[in-house]
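Take a look at the letters that make up each chain.
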Amino acid sequence: MPATTYDNIVEDIISCTNEVFETMIPMEIKCDGSFYQKEDMISTDVISLVSFTGEHSGIIAFFGTTNMAIKITSKMLGMEITDMDQDVKDAMGELTNMIGGNLKNKVFETFGAMHLSVPIVIAGANMSISSSSKEKGDVKFSTGVTCDSTNSWMMTPFSSEGETFNIGLVVKKND
Amino acid sequence: MTKVLLVDDSAVMRKIIQRNIKETGLVVDEFVEAGDGNQALDKVNANGDLDLILLDWNMPNMSGIEFVKTLRSLNLSKRIPVVMVTTEGSDAKVSEAKESGADGYLTKPFTADQLRDTLGDYLLVN
């Protein structure tokens, strides 16, 4: 099996996300390629993020609409959820945790050992994120969540039943 | 009377595990829940008749690995089996968990069949 490189990590993100849905969320999703996006161009209702530290550090995150988060949670729990509640936030955290954990196990040979944080979920409406210090390359959420990256977010979009969500990644090799 | 302690900081994951256990025919009469290792120790002290503990690794306050080490240091009347249910899937983590006193290991994400196969060593199946 070839080692993961920066170039093919998108394939691992797709594989990890598909695996989480195939095993624990009975919902068909379709990947629609990938793209880089500057953080100040991101607008979303729900952000669920897990940060990682080690030889590399960064964040893997779910970005999606409230409707998509509710739909995924309903499928995870096997019951109808109608509102953005604690279960939805919890489910989005667990979703990102499983995708991040799975990815960590896949990219171990290239990125080295990593420690994952517990998930942080932020829910609102049309939220944006922005850099606090472009020169230093810090990425800072409006809520104060920070990581170090000089890169744009690498976004991998997925769609299901007319709704979309993105799995985003920023990663940096530590000196 | 089979009693299982679910330790995970995600209430949704505790619900999913309960649903999968019921759907796959594993026999559990009562679930006890805890959101971190500290709460789990309280539940162990309050429930001396636990038959199995399902344990997440990464949790706030006290992690799963700290919990299992503490549990194994206690002078309990019986040895309660512990199965880790976690996203930590490396061989090193599995070894660390088993050396710390965990008996079984299941990596998230898991299918209902994988859960049944892993827990079938500790629970009756209808």
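Above: the structure in question.
Not measured: the values here are computed from a predicted model.

Caption draft 1: Broad picture of the overall build of chain A. Looking only at helices and strands, chain A features 4 helices and 10 strands. Listing each helix as α and each strand as β along chain A from the N terminus yields α-β-β-β-β-α-α-α-β-β-β-β-β-β. For chain A, the residues scored as buried account for 51% of the 175 residues in total. Within chain A, counting contacts between residues at least 6 apart in sequence, those at least 24 apart form 67% of the total. For chain A, the accessible surface area stands at approximately 8,000 Å², while carbon and sulfur atoms represent 48% of it.

Caption draft 2: Fine view of the interface of chain A and chain B. In this assembly, 20 residues from chain A lie in contact with 20 residues from chain B. Carbon and sulfur atoms make up 57% of the surface buried where chain A meets chain B, a total of about 1,700 Å² over both sides. Where chain A meets chain B, there are 3 salt bridges. Here B:Lys15 and A:Asp87 are joined by a salt bridge, their closest N and O atoms 2.6 Å apart. Those elements that place two or more of their residues in the side of chain A that touches chain B are helix 1 (9-24), helix 2 (66-77) and helix 3 (86-106) of chain A.

Caption draft 3: View of the pattern of salt bridges. Residue and element names in this part refer to chain B. On inspection of all chains with the given rule, the structure shows 16 salt bridges over all chains. The shortest N-O distance in the salt bridge between Arg19 and Glu23 comes to 3.7 Å. Highlighted residues: Arg19 and Glu23, both in helix 1 (residues 11-23), separated by 4 residues, approximately one helical turn. Assessed through its relative accessible area of 22%, Arg19 is described here as partly exposed.

Caption draft 4: Focus on the side chain of B:Lys108. Tracing the backbone shows B:Lys108 in the loop between strand 5 (104-107) and helix 5 (112-119). Among residues more than four places away in sequence, those in contact with B:Lys108 are A:Glu94, A:Met98, B:Asp8, B:Met13, B:Asp56, B:Val85, B:Thr86 and B:Thr87.

Caption draft 5: Representation of the packing of aromatic side chains within the structure. Residue and element names in this part refer to chain A. In this structure the tally under the stated criterion is 4 aromatic pairs over all chains. Seen from their ring centres, Phe21 and Phe165 are 5.7 Å apart, and the 15 degrees between their planes marks the pair as stacked. With Phe21 in helix 1 and Phe165 in strand 10 (residues 163-173), this residue pair connects regions lying 144 residues apart in the sequence. Just as Phe21 is buried, Phe165 falls in that class too. Seen from their ring centres, Phe63 and Trp153 are 5.2 Å apart, and the 85 degrees between their planes marks the pair as edge-to-face. You can see Phe63 sitting in strand 4 (residues 56-64) and its partner Trp153 sitting in strand 9 (residues 153-160), a full 90 residues away along the chain. Of the two residues, Phe63 and Trp153, neither departs from the other in class, the shared state being buried. Following the ring pairs from residue to residue traces out a cluster consisting of Phe21, Phe62, Phe158 and Phe165.

Caption draft 6: A look at the packing of helix 1 of chain A against helix 3 of chain A. Residue and element names in this part refer to chain A. At their nearest, the axes of helix 1 and helix 3 sit 9 Å apart, and the two run at 130 degrees to each other. For the element pair helix 1 / helix 3, the angle class is oblique. Crossing angle aside, the handedness with which helix 1 passes helix 3 is right-handed. Judged by residue contacts, Ile9, Asp12, Ile13, Ser15, Cys16, Thr17, Glu19, Val20, Phe21 and Met24 of helix 1 engage Leu95, Met98, Ile99, Asn102, Leu103 and Lys106 from helix 3. Taken together, the residues of the contact of helix 1 with helix 3 sort by class into 10 nonpolar, 3 polar and 3 charged.

Caption draft 7: Quick peek at the nonpolar core. Within the largest apolar cluster, 58 residues are counted, with the highest numbers of intra-cluster contacts made by A:Ile25, A:Ile72, A:Leu95, A:Phe165, B:Ile21, B:Leu54 and B:Leu119. If we ignore the near neighbours within four places in the chain, the residues touching A:Leu95 are A:Val20, A:Phe21, A:Ile25, A:Phe62 and A:Ile72. One finds B:Ile53, B:Ala97, B:Ala102 and B:Tyr105 within the second-largest nonpolar core, a separate group that totals 23 residues.

Caption draft 8: Region of interest: unusual backbone geometry. The residue after B:Lys108, namely B:Pro109, is reached through a cis peptide bond having omega 0 degrees. Structurally, B:Pro109 can be placed in the loop between strand 5 and helix 5. Here A:Glu161, not a glycine, exhibits a phi torsion of approximately 50 degrees, which is positive. Backbone geometry places B:Asn61, a non-glycine residue, at a positive phi of 70 degrees.

Caption draft 9: Representation of the sheet that holds strand 3 (residues 52-55) of chain B within the structure. Residues and elements named next belong to chain B. A sheet is described by the order of its strands in space; here 5 strands give the open sequence 2-1-3-4-5, paired in parallel fashion. The open sheet terminates on both sides in strands that have one partner only, identified here as strand 2 (30-34) and strand 5. Averaged over all adjacent pairs, the angle separating strand axes in this sheet is 20 degrees, with direction ignored. Here strand 3 pairs with strand 4 (residues 82-86) via 3 bridges, running parallel. When the sheet's bridge partners are listed, Ile53 is paired in strand 4 with Val82. Contacts from helix 2 (residues 37-46) reach strand 1 (3-7), strand 2 and strand 3 within the one sheet, and its direction differs from that of strand 2 by about 140 degrees.

The rules behind these values
Residues numbered from 1 in each chain as written. Chains lettered and ligands numbered in written order. Predicted model: local features only at pLDDT ≥ 70, side-chain atom pairs only at ≥ 80, totals over all residues. Heavy atoms only, no water. Helix = DSSP H or I, 4+ residues; strand = E, 2+ residues; numbered from the N terminus. Buried < 20%, exposed > 50% of the residue type's maximum accessible area, 1.4 Å probe, protein only. Contact = heavy atoms within 4.5 Å. Areas by Shrake-Rupley, 256 points an atom, 1.4 Å probe, with all protein chains shown as cover. Buried area = accessible area lost by both parts, 1.4 Å probe. Salt bridge = Lys/Arg side-chain N within 4 Å of Asp/Glu carboxyl O. Phe/Tyr/Trp six-rings, centres within 6.5 Å; stacked < 30°, edge-to-face > 60°. Axes fitted to C-alpha atoms, helices over the stretch in contact; angles between N-to-C directions. Parallel < 35°, antiparallel > 145°, perpendicular 65-115°, else oblique. Left-handed = near helix turned anticlockwise from the far one by under 90°. Nonpolar A, V, L, I, M, F, W, Y, C, P; charged D, E, K, R; others polar. Core = buried A, V, L, I, M, F, W, Y, C linked by side-chain atoms within 4.5 Å. Pairing = 2+ DSSP bridges.

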